[in-house]
Structure formats: C-alpha cells, structure tokens
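# Structural characterization, general
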Amino acid sequence: MGGEYDVAIVGSSLAGCTAAILLGRRGLRVALLEANRNPAAYKRMCTHYIQSSALPTLQRLGLDSELEAAGAVRNHGNAWSRYGWVEEPEPRDRPSHGYNLQREILDPLMRRAAAQVPGVDLMLGAKLRELTRGPDGRVDGVVADRVGRLSCRLVVGADGRSSKVARLADLPGRESRNDRFAYFASYRNVTIPHGQSVQLWLLEPDAAYAFGNDAGVTVLTAVPDKSRLPEFDGDKEAALLRVFEDLPDAPDLTDAERVSDVVGTRDYPSITRRRIAAPGVVLVGDAALVLDPVWGAGCGWALQTAEWLGDAVAKPLVTGTDREIDAAARRYQRRHRMRLWPHQFFAIDFSQRPRFNPLARLLFAGAARDPWVADRFFAYGTRNRSPFVMFSPRMLARAARARRAVR
Ligand SMILES: Cc1cc2nc3c(=O)[nH]c(=O)nc-3n(C[C@H](O)[C@H](O)[C@H](O)COP(=O)(O)OP(=O)(O)OC[C@H]3O[C@@H](n4cnc5c(N)ncnc54)[C@H](O)[C@@H]3O)c2cc1C
C-alpha cells in the first residue's frame, strides 16, 4: 500500500480518535493506524469513568449527545474517608458533570466518529513496526503491518501505556512505584448509596470504588495495598467482594449478578516522561503520562491532551514548515507539563503512601463538613483546577475551622 499523509496517528482509542477528528476537520490528511483488526475493539483495563474536565472536549467533538444516547451516566464526585462522605456540590464554575460509559460502547463509537471525518483513513490491523527518518534525522513516516510505509510530517503516538512510538523515538519513561493494585468486575442489580454514579472509598491504605454505568451496569473496583495480593491468588471474585462487604455504607450486593470477567493488574507503576516531543514525533494520552488508576483521570486526559495537541499543531500542519510544526509540538509539551505536572506529583505521592499526609487529613475533614471546601476539593478532584487550589489561605483556614467545629 503506502501513501502520503500530513499526520500518522498510532492508536485509535480515546486519544488517537480525538486527535484524528480535530486534525481531520482542519482539512488535513490523517492516517489513523490501529494494531487491532476489529473495529469494535475496546480497552478492557478500564473502569469507564470520564472526569468532568473532559466534558468541553467531548462537546467540541460533538460526541456528548451521542454518549448520552448510548446510555452514558452523568457522573458527580462522592468520596468517603474516615471523616465521612464528601459529596460534590452542584458545580458553578466548572463543567457540570463527566460521564460513565462502558469502553465497549465508547471506543467503537469514537472510532466510527473519527472514520467519518473526511480526510481521516482508519487503518485496522496496522500495527506500527518502525519510524522512518529523513537525512536530517527528523521522523518522516511510519512502517506498519498491512499498510507498509506511510510518509507524513508528524507522527502522533497515541498507542497507550507501552508506547512503541515513545520507544522508537527515544522518549524514555520513568516508572514510579505504586503500592496498590486493582481488580474489578461489572455487575447488574447493585444499588450504591450516595448517588448511583460514583462512590470512592479511601480507607488508608486500601481504596475501592463503585461506578454506575450505562445499561444498569455497576463496576466494582478494589484497589488494596499490595500486602493483600495473596488474597487475590485464588478466587478473585470472592476477594473483590470481600473488600466491598466491609465498606462503610457498602453497596447492596444481595442480588448482584456478575456480567464481566474479573479483570485486574497486580502492578501498575506510574510512567512519566521528561520529553513527549521530538523532531517529527509527539505523544498524547497514556503514551505521554500514566498515573494511578484510582483517580480515574486517564480517559479524560487522553481526550484533553489530544485536544491540546490538535490546537497547537493544526495551523503549522496546514501552512507551516517542519520547524514550525516541531516548535508547535514543543509548545504542546510545555502546556502538558504546566497543566499535568502538579497532578502527577500528588498522584504519585498518594500511590506510595499508606495513610493521608497531614494536609490531606485537614482537607478531607474540612470538605466533609463545609460545602465550600468540598466544592474546591472537587474542582481539583475532577481535574478542572490545579491541586494548588487546595493551598489557598482561605481554603486552609476554612478547612481548619470546619475540622475544629466537630472536635
Ligand atoms: C485498572 C484500571 C482502571 C482504569 N480506569 C479508568 C477510569 O475509570 N477512568 C479513567 O479516566 N481512566 C482509567 N484508566 C486509565 C485509562 O484506561 C487510560 O488512561 C486510557 O485508556 C488511555 O487512553 P489512550 O487513548 O491514551 O490509550 P489506550 O486506550 O491504551 O489505547 C491505545 C491504542 O493504541 C493501539 N496500539 C497500541 N500499540 C499499537 C501499535 N504498535 N500500532 C498501532 N496501534 C497500537 C491499541 O490497540 C489501542 O487502541 C484505568 C486504568 C487501569 C489500569
């Protein structure tokens, strides 16, 4: 086969499809390469929560109403700690909700939407093998199964956690230990108190969450400390349900009927990269950054980082030189770092701590009692604001007052 494109995007999941839709709409020729041959393929290692910071991206893609028509559940924050429940007040200065929609619905829906954009060629079974380079060393194309060599002006690595694009482009990742692991399964006939969309329990050190999804399916996820790994050596479902039986305000599992396999990962280190752009190549989504799944941020950031990239590189791809494209990719890299580095720092700190630090204790206690503190808390928790909103003098003073009031 072969061919000439403006952009080759490797990976047609959330990040890849978002980039393809936005760049295709700008009139660019986009090769969207997907290793899987099945157009209905979907990511199994995911619990389907999309945070509200990604709602504007979904709206811009024109997919929010399609998600709703497919049964997506609007989600709102709800977290339990030893100080009690913190419920997200009606958001005023941020998107009103995120969505929960099973990936088996979401991924094919996004792939269809991308393939319908004029200029986007979806290539199934096109597993990336190599990056090609011009005489100056700049990446100028890809070699993939079924399609052979494609030349392009920019390769976008949207190929997930084990990104081959990152490896071939020499954009190394740094692993940070995660002291928890995760197992989950989907059930019908589960009632979760405190709202059907999201419940997160932070038990220090263990965590657990229940997310209500389309078609009346609830995903139950245990995120225990690694000292509990042996419990999951045998009957994984029994071990998963045991975690839920012991929770405060536990979901009612009397009539629960499992409708998926029990899926999990025993080791899930965070992966951060100092550089996510090199001449002719750039990374988005999990290829660029992987954090602890307990916060459910990866899907939203896959959508958002692809949007940031699209905004940065579309114009130079239409009218600019290769140097201008690379400069735009570096601007995207800076935006990625500025926006996500603070989240990265606190998420990695949490994944290596069995108990809350003193600041987290203060904020959870304050948020459980003062709706204003809870609102700021979820502005951060839904990834709409930087973690630094938590450190404002007003926030700390109100949290301290709320905690003192109940001593
Ligand atoms: C246990 C667990 C639960 C999670 N739950 C949530 C959650 O509830 N909410 C949330 O926001 N995040 C969650 N995440 C993280 C989330 O799943 C990811 O952040 C998200 O899927 C990243 O999307 P992506 O498009 O970057 O990559 P992916 O979804 O991983 O997609 C990568 C794509 O690239 C393709 N590909 C790979 N290699 C090649 C190649 N060589 N050539 C061509 N194509 C290739 C793959 O087939 C795939 O289609 C969870 C993670 C784990 C481990």
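All figures in this text were calculated on a predicted structure; none of them were measured in a lab.

Okay, the domain arrangement of the chain next. Parsing the chain into structural domains produces domain 1 (3-48 + 102-175 + 270-349), domain 2 (182-265) and domain 3 (358-405). Summarising the inter-unit geometry, the C-alpha centres of domain 2 and domain 3 are found 27 Å apart.

Once that is clear, we can look at the site of the ligand. Taken together, 33 residues surround the ligand, and among them Ser13, Glu34, Thr47, Asp286 and Cys299 come closest. A distance of 3.0 Å is found between an oxygen atom of the ligand and a backbone nitrogen or oxygen belonging to alanine 15. Note that an oxygen atom of the ligand is positioned 2.6 Å from one of the backbone N or O atoms of cysteine 299. The fraction of the free accessible surface of the ligand (1000 Å²) that becomes covered by protein chains is 90%. Of all the secondary structure elements, the ones that give two or more residues to the shell around the ligand are α1 (14-25), β3 (30-34) and α7 (298-319). A total of four residues in the shell around the ligand trace back to one element, the largest contributor, which is α7. Looking at the shell around the ligand residue by residue, the classes come out as 18 nonpolar, nine polar and six charged.

Think of it this way: side chains of opposite charge can pair up when their charged atoms draw near. Using the criterion set out here, one finds 29 salt bridges in the structure. Of the charged contacts, one joins aspartate 286 and lysine 43 as a salt bridge, the two residues approaching to 3.9 Å between their closest N and O atoms. Within this pair, whereas aspartate 286 is found in the loop between β23 (281-283) and α7, its partner lysine 43 is found in the loop between β3 and β4 (49-50), the two being separated by 243 residues in sequence. Overlapping salt bridges, with partners in common, bring together Glu88, Arg92, Asp93, Arg94, Asp375, Arg376 and Arg385 in one network.

The next subject is the sheet that holds β4. Read from one edge of the open sheet, three strands run β4-β8-β5, paired in antiparallel fashion. The open sheet has two edge strands with one neighbour each: β4 and β5 (73-75). As judged from the two bridges shared by β4 and strand β8 (residues 98-100), these two strands associate in the antiparallel manner. Looking across to β8, one finds that isoleucine 50 is bridged to tyrosine 99.

Our next topic: a nonpolar patch on the surface. On the surface, a cluster of nonpolar side chains totalling about 330 Å² of accessible area is made up of Trp341, Phe345 and Phe388. What makes phenylalanine 345 partly exposed here is its relative accessible area of 45%.

This next bit is on the sheet that holds strand β22 (residues 277-278). The strand order across the open sheet built from six strands is β9-β3-β2-β13-β23-β22, with neighbouring strands paired in mixed fashion. Each edge of the open sheet carries a strand with a single partner, namely β9 (120-124) and β22. Note: strand β2 (residues 7-10) against strand β13 (residues 154-157), four bridges, orientation parallel. For isoleucine 9, the partnering residue across the bridge sits in β13 and is valine 156.

Here we come to the packing of α1 against α7. Across the interface, α1 lies against α7 with an axial gap of 8 Å and an inter-helix angle of 30°. Relative to α7, α1 is oriented roughly parallel. Of the two possible hands of crossing, α1 and α7 adopt the one that is right-handed. Touching Leu14, Ala15, Thr18, Ala19, Leu22 and Leu23 of α1 are Cys299, Ala302, Leu303, Ala306, Glu307, Gly310, Val313, Ala314 and Leu317, all from α7. Residues belonging to the contact of α1 with α7 are distributed by class as follows: twelve nonpolar, two polar and one charged.

This paragraph deals with the nonpolar core. Most often, soluble globular proteins keep nonpolar side chains buried together rather than apart. Membership of the largest hydrophobic core comes to 84 residues, with the highest contact counts inside it found for Ile9, Leu33, Leu67 and Val155. The dominant element in this core, judged by the number of residues it contributes, is α7, at eleven residues. If we skip the residues at most four places from it in the chain, valine 155 touches Ala8, Val10, Leu131, Val139, Gly141, Val142, Val165, Gly280, Val281 and Val282. Counting residues in hydrophobic clusters, the runner-up holds 29 residues, among them Ala79, Leu200, Tyr380 and Met390.

Between α1 and helix α4 (residues 103-115), the least distance of the axes is 9 Å, while the angle of their chain directions is 25°. When the interaxial angle is binned, α1 and α4 end up roughly parallel. Considering only the axes of α1 and α4, their crossing is left-handed. Along its contact with α1, which presents Leu14, Cys17, Thr18, Ala20 and Ile21, the element α4 presents Arg103, Leu106, Asp107, Met110, Arg111, Ala113 and Ala114. The residue makeup of the contact of α1 with α4, split by class, is eight nonpolar, one polar and three charged.

Conventions we followed
Residues numbered from 1 in each chain as written. Predicted model: local features only at pLDDT ≥ 70, side-chain atom pairs only at ≥ 80, totals over all residues. Heavy atoms only, no water. Domains from an automatic or database assignment. Near = heavy atom within 4 Å. Polar contact = N/O pair within 3.5 Å; in protein donor to acceptor, adjacent residues only side chain to side chain. Areas by Shrake-Rupley, 256 points an atom, 1.4 Å probe, with all protein chains shown as cover. Helix = DSSP H or I, 4+ residues; strand = E, 2+ residues; numbered from the N terminus. Nonpolar A, V, L, I, M, F, W, Y, C, P; charged D, E, K, R; others polar. Salt bridge = Lys/Arg side-chain N within 4 Å of Asp/Glu carboxyl O. Pairing = 2+ DSSP bridges. Patch = residues over 30% accessible without salt bridge, like charges linked within 9 Å, V, L, I, M, F, W, Y side chains within 5 Å. Buried < 20%, exposed > 50% of the residue type's maximum accessible area, 1.4 Å probe, protein only. Axes fitted to C-alpha atoms, helices over the stretch in contact; angles between N-to-C directions. Parallel < 35°, antiparallel > 145°, perpendicular 65-115°, else oblique. Left-handed = near helix turned anticlockwise from the far one by under 90°. Contact = heavy atoms within 4.5 Å. Core = buried A, V, L, I, M, F, W, Y, C linked by side-chain atoms within 4.5 Å.

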